[in-house]
Amino acid sequence: MLTLLEDKIATPLGPLWILCDEQFHLRAVEWEQHSDRMEQLLDIHYRAGGYSRIPAKNPGGLADKLADYFAGNIDVIDTLPTATGGTPFQRDVWQMLRTIPKGQVMHYGQMAEQLGRPGAARAVGAANGSNPISIVVPCHRVIGRNGALTGYAGGVQRKEWLLRHEGYLLL
């Protein structure tokens, strides 16, 4: 059984859950308001009953590092270790998300092309939508082809805040 250590931090955008394994690899980061979504993804990725959650204060220093991100040290998220379930395609999409530079964005079609799957923009969007590690696996950096802020499970207002925080200037 997978043991997940969990903590919750206050952020300018509301309380944020942080879950990691015992090796301090992030397994989930989600807004408290959407904790039901996080639990659904955990059940899908690790089977309901295949994991346990244990409260822990700042496991592996991850809570402090995410607090540093919100305080302005946006580079810190590049240093945080992650481990995810998901299909090989989903993991490929999530890995690509981590390569989008701060202050820049991509659209789903660009991601599909870079993954060697032109025409798979919807599949990329679906994989993005099942990303269990928001912020650190920066799905907020993906926008619609027309520049619209679309497809962020945490809400468009949070997506806009995160993009501004990282230096992407919206028109």
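Residues numbered from 1 in each chain as written. Predicted model: local features only at pLDDT ≥ 70, side-chain atom pairs only at ≥ 80, totals over all residues. Heavy atoms only, no water.

> What am I meant to see in unusual backbone geometry here?
A positive phi is found at R47, a non-glycine position, where the angle reads about 65°. Relative to the helices and strands, R47 is located in the loop between α1 (35-46) and β4 (51-55). (Helix = DSSP H or I, 4+ residues; strand = E, 2+ residues; numbered from the N terminus.)

> What am I meant to see in the environment of D43 here?
Along the chain, D43 turns up in helix α1. Overall, D43 belongs to the partly exposed group, its relative accessible area being 32%. Setting aside residues no more than four positions away along its own chain, D43 makes contact with A48 and Y51. (Buried < 20%, exposed > 50% of the residue type's maximum accessible area, 1.4 Å probe, protein only. Contact = heavy atoms within 4.5 Å.)

> Explain the nonpolar core to me, please; I cannot follow it from the model alone.
Within soluble globular proteins, side chains that are nonpolar tend to cluster in buried spots. Counting residues in hydrophobic clusters, the biggest one holds 39 residues, and the most contacted among them are L26, L66, Y69, F70, L97, M111 and I135. For this core, the secondary-structure elements that each account for two or more residues are β1 (2-9), β2 (16-20), β3 (26-31), α2 (62-70), α3 (88-97), α4 (108-114) and α5 (121-129). Ignoring any residue separated from it by four or fewer positions in sequence, one finds Y69 in contact with I74, V76, I77, I135, H140, L162, H165 and E166. (Core = buried A, V, L, I, M, F, W, Y, C linked by side-chain atoms within 4.5 Å.)

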